[in-house]
Every structure is written in structure tokens, then in C-alpha cells.
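# Per-entry structural report
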Amino acid sequence: MVKIRIPATSANMGAGFDSMGIALSLYNYVTAEENDSGKLEIDIIDDSAKFLPTDEENLIYRSMKRVFDLTGHKCPGLKLTLENNIMITRGLGSSSAGIVGGVVAANKLCGDKLSTDEMLRLAADIEGHPDNVTPALVGGFTVNVMTRHSVRYVKTELNPDELRFAALVPDFYLQTKKSREVLPKSVPHNDAVYNAGHSALLAASLITGKYENIRTAVGDKLHQNYRKRLIPNMDSLFRLCYQKGALGVYLSGAGPTIIAIVDGSDKKFACEISGILLSKMKDWKLYELRPDNIGACVIENQQNK
Ligand code: HSE
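These notes cover the structure that comes with them. (Residues numbered from 1 in each chain as written. Predicted model: local features only at pLDDT ≥ 70, side-chain atom pairs only at ≥ 80, totals over all residues. Heavy atoms only, no water.)

It is worth spelling out the nonpolar core at this point. Core analysis: the largest hydrophobic core is formed by 89 residues, its most contacted members being Met-64, Phe-165 and Leu-168. Tallying contributions element by element places helix α2 (residues 94-109) first for this core, with 8 residues. In this view, Phe-165 contacts Met-13, Ile-22, Leu-24, Leu-158, Tyr-250, Ile-259, Ala-260, Ile-261, Tyr-287, Glu-288, Leu-289 and Pro-291; residues no more than four positions away in its chain are not counted. (Core = buried A, V, L, I, M, F, W, Y, C linked by side-chain atoms within 4.5 Å. Buried < 20%, exposed > 50% of the residue type's maximum accessible area, 1.4 Å probe, protein only. Helix = DSSP H or I, 4+ residues; strand = E, 2+ residues; numbered from the N terminus. Contact = heavy atoms within 4.5 Å.)

Evaluation of the coordinates by the stated rule reveals 2 aromatic pairs. Seen in terms of ring centroids, Phe-51 and Tyr-173 are 5.7 Å apart; in terms of plane orientation they differ by 70 degrees. Their pairing is edge-to-face. Residue Phe-51 is located in the loop between β3 (40-44) and α1 (59-71), and its partner Tyr-173 is located in the loop between β7 (163-170) and α5 (176-181); the two are separated by 122 residues in the primary sequence. What makes Tyr-173 partly exposed here is its relative accessible area of 41%. Ring geometry for Phe-172 against Trp-284: centres 6.2 Å apart, planes inclined by 85 degrees, an arrangement best described as edge-to-face. Of the two residues, Phe-172 sits in the loop between β7 and α5 while Trp-284 sits in strand β10 (residues 284-289), which places them 112 residues apart along the sequence. In this structure Trp-284 comes out as buried when scored by relative accessible area, which is 3%. (Phe/Tyr/Trp six-rings, centres within 6.5 Å; stacked < 30°, edge-to-face > 60°.)

Further remarks concern the sheet that holds β10. Taken in spatial order, the 4 strands of this open sheet run β8-β9-β7-β10, and their pairing is antiparallel. The sheet is open, and its two edges are formed by β8 (248-251) and β10, each paired on a single side. Across the sheet, the mean angle from the axis of one strand to that of its neighbour is 20 degrees, orientation sign disregarded. Inspection of the sheet shows β8 paired to strand β9 (residues 258-263) by 4 bridges, in the antiparallel sense. Within the sheet, the bridge partner assigned to Val-249 lies in β9 and is Ala-260. The sheet contacts of helix α9 (residues 234-243) involve β7, β8, β9 and β10, and relative to β8 the element is tilted by about 160 degrees. In the packing of helix α10 (residues 269-280) onto the sheet, the strands contacted are β7, β9 and β10, and the crossing angle to β10 comes to about 165 degrees. (Pairing = 2+ DSSP bridges. Axes fitted to C-alpha atoms, helices over the stretch in contact; angles between N-to-C directions.)

Below is the structure:
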């Protein structure tokens, strides 16, 4: 039996479309037990059970199967117990957490046949882009690019005492596919130049602690403006977060969650925004998260006991 903990992730971070992400302190858990039953049993112990398949279509199982096929591991029967705390289809990396959880659990059951880079390549291949799976696997703030044969990335640990990530999560879903369909096939050269500069500034500023640059650096012209028609109140929530002192505000992944990056010493932001949401926008809720620098990890391993 192995039990894996996998963090939520927030991709794009403004300008870093499909290429930047950060792991955050909200976790899913995958417990995998091999047995001789000849069957697959999947038990989801939270409300997401209403929405997720519990047969061979399950994303975690499909990800595990990719590892078993790749490594030649024979698995006669399997029981999975899943605890999903990352809200699904909200832009906080729930599908990447599933993929990474499945890949890491299966690799443990196989006796660690795949390296971290091989697991990452496989997870990015299943997901289609690396911006969530990389931080879900290795933790931290990551800048990632997918080549034909691998994912090239740099991970930087962010100090959880210096920065908080307030996630404003609405009660509606937004499928990534739908949120990508509203993006244009091509963009003006100026907009591409804008994002190249801003994403470089964001990475450099987070890595060197120049947090006063974050507000400028999260500026984006590749996706947020196109997506805001799918997210009622996005503009007013951005304004509200800046009024209350956020260092930077951006759409998390494909949305609809909005992330406000807040100074770690700010004691008022979360309380004030939560109060306003409760009185005026009850369909949004704030979760105060911190950077996770660990990524997916094995928290129980009883294979040889
Ligand atoms: N980079 C992706 C997007 C994240 O913005 O569509 C969602 O998976």
C-alpha cells in the first residue's frame, strides 16, 4: 500500500501562459493497494464522487496504467482510495493532481523504475502542457517548457512566510477546453512581445524577491481578457483585491479561480475580502494558501510489511 499527497497548483500566473506554475498548500490524497482480486476498485471519499468515474475511465487509474504499461509491471488487482480536496474544474490543477498522483503511486508500486524526469514527461504528455504537472510533481514555483522529448524546467522555492496566495473560488465550473476555445488562433506581435517581457519580469522578480514588481509583472495580453466574459465579476474582483493591498492578481490557470498574491505580513487582506464576499458575492469563497515547496510525496509506504 502506498499513500501519496499531491498539492494544488496555479498555472499561468498572469503572463506565463502554459509555461509557469506554482504548487500551493491544498492537497489531494491517493492510496493505492495491489491485491489478487483481479478487479479494479475505486473509492472516492468526498463529494467529488458525484462527478468522477470509478471505473477504468478514472484519470488516476488511466495515469497509473500508463506507468504499468511503460514499465511492464503486472498488477493483478488494485484498490484506490481517493480523497480530493482540490476543487474540480476551477483552475487549481485538480486534473494535474490526479495525473501526478497516479503516476507517482504507480511508480512506487513498480519499485521506482521511472526517474522524476521520466514521470514528468509522462504526466505532461497525458495533460498536454506542463504548467500544472511540473509544480504538482516537484513543488515550488516552476518555469517549464515542453520539448519533443522532455520537460525542461527550473524550480524555485518561495518562502511561505513572505508570500500568500489567496484563492478566490466561485461555485461554478469552467472546463479548460471551453476556456481555451475563446482564445484567438493568433495574436498581434505587440501582445506577444508584451507577454514575453512580463513573464520574464515575473520569474526574475519572484526568484530574487523583488515583490514590488509583481503588480506590473502579472500583466497579460494572451488569455485573461479573452476569458473574462466566461467569468462574471472578474474585473471587479481584480479591482477589489488591488484596493485591499494585493501585490498582484491573476486568473488561475484557465479559471474561474482568481489568485491574489499577498504580502506574508498582511494580516487583513483575507479577512476583509472574505467578509465582502460573504455579504455581497456569496457564490465566491476565499481560501488562504501558501507556496508548497515539496510537491507530490509518499506519506505512507507499506509495500513490504
Ligand atoms: N495553461 C492552461 C490554460 C492551464 O491556461 O489553458 C489550464 O490547464
